[in-house]
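Spelled out, the chains give:
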Amino acid sequence: MLNFVKMNLEQIVEGIISKNRRCLSRAITLVESTNIAHRQIAAELLHTLSQLTKDNSSRRIGITGPPGVGKSSFIESFGLFLLQQNYSVAVVAIDPSSKVSHGSILGDKIRMNTLSVHPQALVRPVPSGSMLGGVSMNTSQILTVLEYAGFDFILVETLGVGQSETMVYDVTDMFVHLYNPLSGDEIQGIKRGIMELSDLFLITKCDGNFIHEALLTENKLRNALSFLRPTYEEWKTEIIRTSSLESINFEHILKTINSFFSKNAILIRSRERREKQLELQSAERIKNTLMEIIISDECTRKKYEKLLRDIQYGNITEIEAGRELLKSFTENANLSKDMLQNEKA
Ligand SMILES: Nc1nc2c(ncn2[C@@H]2O[C@H](COP(=O)(O)OP(=O)(O)O)[C@@H](O)[C@H]2O)c(=O)[nH]1
Ligand SMILES: [Mg+2]
């Protein structure tokens, strides 16, 4: 990272645009970083990038579904298919192995061995720890970097559980939901919210012994879908049976995805949604920064700690505490300004 910091911005930007893997990988590490100095450079980098024109042709796709449904296998197999069609592919996979949680996904490693070494592809694991910890804005910035690099497809694999779902939904344009061929009986129990967000359903593992079950699951899914309100009136959610082992229906899936991305009205709305989300996140960051500045003053920090206790004991309301804090800060800040002026004199 230190070497990277020494590189000048132009070199980094050039590396990104020419899809230099080493450079991209470092740029991503930079925007992921929580270190203040790195964040500053990351901000400059993103600003420099924003001065360039990008053709907005990257298709950002979220791949969701429960652990074990075959998300990583699908991305590996479909990703290779896309490469064969001369598309470039980037994958951001939320890597559960980097966080100890949710029993069922422990030890699950990202399985994209062929894709990850392909010269036209970039596979980037993002630790789930940072995703769930609320640093999700960084993921959006990672996607922005990949977009400037001009990847045709940016596939984002969710964890399949918890908050990572909606977070990925917020930073992608299309949401693809994977179902197990044996999940027919569970469809009723699947969270309606996530189903409603999905733009395409895929039934995985339609090979070998699962073909019959897959048909039953498809019928149940079709039935459940008929009760859901469509997200966009321009789009009818499709259900496609597939197999990553045998690359089943990949042409059909690609055609469906391309048809989704040809609908400008949908893209405009999804990008508006994304901007709104980014605004909320920026507001959150500004709030945090303000708070950091305020309590960086020693005296005010002590006051803050006391106020927190006072709130606990019901001695003061949060609104009053906020005012007290600001008062303490302005007084002390004025004090240090006076001191500075005295020093000059
Ligand atoms: N038969 C069959 N098995 C598959 C297929 N796709 C994935 N699997 C298996 O399902 C398991 C979970 O796959 P994985 O891609 O890691 O699922 P993820 O947790 O959703 O990312 C693995 O043992 C895979 O080998 C498929 O198309 N056919
Ligand atoms: Mg996986």
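Computed from a predicted structure; not experimentally measured.

Focus on the overall build of the protein
Right, on to step 1. Summing up its helical and strand segments, the protein has 14 helices and 7 strands in all.
Right, on to step 2. When each of the 345 residues of the protein is scored for burial, the buried share is 32%.
Right, on to step 3. Taking the contacts inside the protein whose residues are at least 6 apart along the sequence as the reference set, 74% of them involve residues at least 24 apart.

A word on the nonpolar core
Right, on to step 1. By size, the foremost hydrophobic cluster in this structure holds 62 residues, and its most contacted members are Ala 27, Val 91, Val 92, Val 145, Ile 154 and Leu 155.
Right, on to step 2. Here this core spans two domains, since at least three of its residues come from each of domain 1 (1–52) and domain 2 (54–266).
Right, on to step 3. If we skip the residues at most four places from it in the chain, Val 91 touches Ile 75, Gly 79, Met 112, Leu 115, Val 123, Arg 124, Leu 155 and Glu 157.

Concerning the environment of Leu 30
Right, on to step 1. Relative to the assigned elements, Leu 30 resides in helix H3 (residues 21–32).
Right, on to step 2. The class of Leu 30 is buried, set by 22 C-beta atoms lying within 10 Å.
Right, on to step 3. Sequence separation between Leu 30 and Gln 40 is 10 residues, and the spatial gap between their C-alpha atoms is 9.6 Å.

Brief notes about the site of ligand 1
Right, on to step 1. The environment of ligand 1 is made up of 17 residues, and the closest members are Gly 70, Lys 71, Ser 72, Ser 73 and Ser 244.
Right, on to step 2. Among the residues making up the shell around ligand 1, the classes are represented as 3 nonpolar, 9 polar and 5 charged.

Let's talk about the confidence of the model for the protein
Right, on to step 1. Confidence along the protein averages 84 in pLDDT terms, with 84% of residues attaining 70 or more.
Right, on to step 2. Of all secondary-structure elements in the protein, the lowest mean pLDDT belongs to helix H6 (residues 128–132), at 52, while helix H11 (residues 250–261) reaches the highest, 98.
Right, on to step 3. In the model, residues 98–108 has pLDDT below 50 throughout and makes 16 contacts with residues more than four positions away in sequence or in other chains.
Right, on to step 4. Predicted confidence for residues 130–135 stays below pLDDT 50, and this span has 13 contacts to residues more than four positions away or in other chains.

Here we look at the packing of helix H2 (residues 9–17) against helix H4 (residues 36–50)
Right, on to step 1. Between H2 and H4, whose axes approach to 10 Å, the crossing angle comes to 60°. Looking at the two axes, H2 sits oblique to H4. Read as a crossing pair, H2 and H4 show a hand that is right-handed. Between H2 and H4, the residues in contact are Leu 9, Ile 12 and Val 13 and Glu 44, Leu 45, Thr 48 and Leu 49, respectively.
Right, on to step 2. The residue inventory of the contact of H2 with H4, partitioned by class, reads 5 nonpolar, 1 polar and 1 charged.

Observations concerning the pairing of strand E6 (residues 200–203)
Right, on to step 1. Residues Leu 200 and Leu 202 of E6 are buried on one face, and the alternating residues Phe 201 and Ile 203, pointing to the opposite face, are buried as well.
Right, on to step 2. Where strand E5 (residues 174–179) and E6 come together, 4 bridges link them in parallel fashion. Directly across from His 177, in E6, lies its bridge partner Phe 201.
Right, on to step 3. With 4 bridges joining them, E6 and strand E7 (residues 238–241) adopt parallel strand pairing. Among the inter-strand pairings, Leu 202 is bridged to a residue of E7, identified as Ile 240.
Right, on to step 4. Since E6 and E7 lie parallel, the crossover through helix H10 (residues 211–226) that links them has a hand, and here it is right-handed.

Focus on H3
Right, on to step 1. Taking 1.5 Å of rise per residue, 12 residues should cover 16 Å, and H3 covers 16 Å from first to last C-alpha, within 8% of that figure.
Right, on to step 2. All buried positions along H3 are accounted for by Cys 23, Leu 24, Ala 27, Ile 28, Leu 30, Val 31 and Glu 32.

A short note on helix H12 (residues 264–295)
Right, on to step 1. Its 32 residues give H12 an end-to-end C-alpha distance of 46 Å, which sits within 8% of 46 Å, the value for a rise of 1.5 Å per residue.
Right, on to step 2. Of all 32 residues in H12, 2 are buried; the element is thus mostly exposed.

Thoughts on the environment of Ser 259
Right, on to step 1. Following the sequence through the fold, Ser 259 ends up in helix H11.
Right, on to step 2. What makes Ser 259 exposed here is the crowd of 11 C-beta atoms within 10 Å.
Right, on to step 3. In sequence terms Ser 259 and Trp 235 are 24 residues apart; their C-alpha atoms lie 9.4 Å from each other.

Observations regarding the packing of H3 against H4
Right, on to step 1. Where H3 contacts H4, the two axes come as close as 8 Å, and the packing angle between them is 120°. For the element pair H3 / H4, the angle class is oblique. Note on packing geometry: the crossing formed by H3 with H4 is left-handed. Across the interface between the two elements, Ala 27, Leu 30 and Val 31 from H3 touch His 38, Ile 41, Ala 42 and Leu 45 from H4.

A closer look at unusual backbone geometry
Right, on to step 1. Phi at Lys 19 takes a positive value of approximately 55°, unusual for a residue other than glycine.
Right, on to step 2. Checked against the element boundaries, Lys 19 lands in the loop between H2 and H3.
Right, on to step 3. Take Lys 19: there are 18 C-beta atoms within 10 Å of it, and that puts it in the partly exposed class.
Right, on to step 4. Non-glycine residue Asn 86 carries a positive phi angle of around 70°.

Cut-off values and rules
- Note on numbering: residues in each chain are counted from 1, in written sequence order.
- Working convention: letters from A go to chains and numbers from 1 go to ligands, in the order in which they are written.
- Where totals are concerned, whole chains, interfaces and linings use all residues; where local detail is concerned, this predicted model gives features only for residues with pLDDT of at least 70, and gives and counts side-chain atom pairs only at 80 or more.
- Per the convention used, a helix needs a DSSP run of H or I reaching at least four residues, while a strand needs a run of E reaching at least two, with both numbered from the N terminus.
- Note on burial: count the other C-beta atoms lying within 10 Å of the residue's C-beta; 20 or more is buried, 12 or fewer is exposed, in between is partly exposed, and C-beta positions come from the backbone.
- Here contacts are defined at the residue level, using C-beta atoms placed from the backbone and a cut-off of 7 Å between them.
- Working definition: the nonpolar core is a set of buried Ala, Val, Leu, Ile, Met, Phe, Trp, Tyr and Cys residues, joined through C-beta atoms within 7 Å.
- Where a domain begins and ends is set by an automatic assignment or by a domain database.
- Nearness here has a simple definition: the residue's C-beta atom, placed using the backbone, must lie within 6 Å of the molecule or strand.
- Basically, the charged four are Asp, Glu, Lys and Arg, the nonpolar ten are Ala, Val, Leu, Ile, Met, Phe, Trp, Tyr, Cys and Pro, and anything else, Gly included, counts as polar.
- Confidence scores here are pLDDT values: one per residue, from the predictor, ranging 0 to 100.
- In this analysis, axes come from line fits to C-alpha atoms, helices being fitted only over the stretch in contact, and the angle between any two N-to-C directions falls in the range 0 to 180 degrees.
- Note that the term roughly parallel is reserved for angles under 35 degrees, roughly antiparallel for angles over 145, roughly perpendicular for angles of 65 to 115, and oblique for everything else.
- By convention the crossing between two helices is left-handed if the near helix lies anticlockwise of the far one by an angle smaller than a right angle, and right-handed if it lies clockwise.
- For two strands to pair, DSSP has to find at least two bridges joining them.
- When the strands point away from the viewer and the connection leading from the first strand across the helix to the second strand turns clockwise, the crossover is called right-handed.
- By this rule the span expected of a helix is its residue count minus one, scaled by 1.5 Å.

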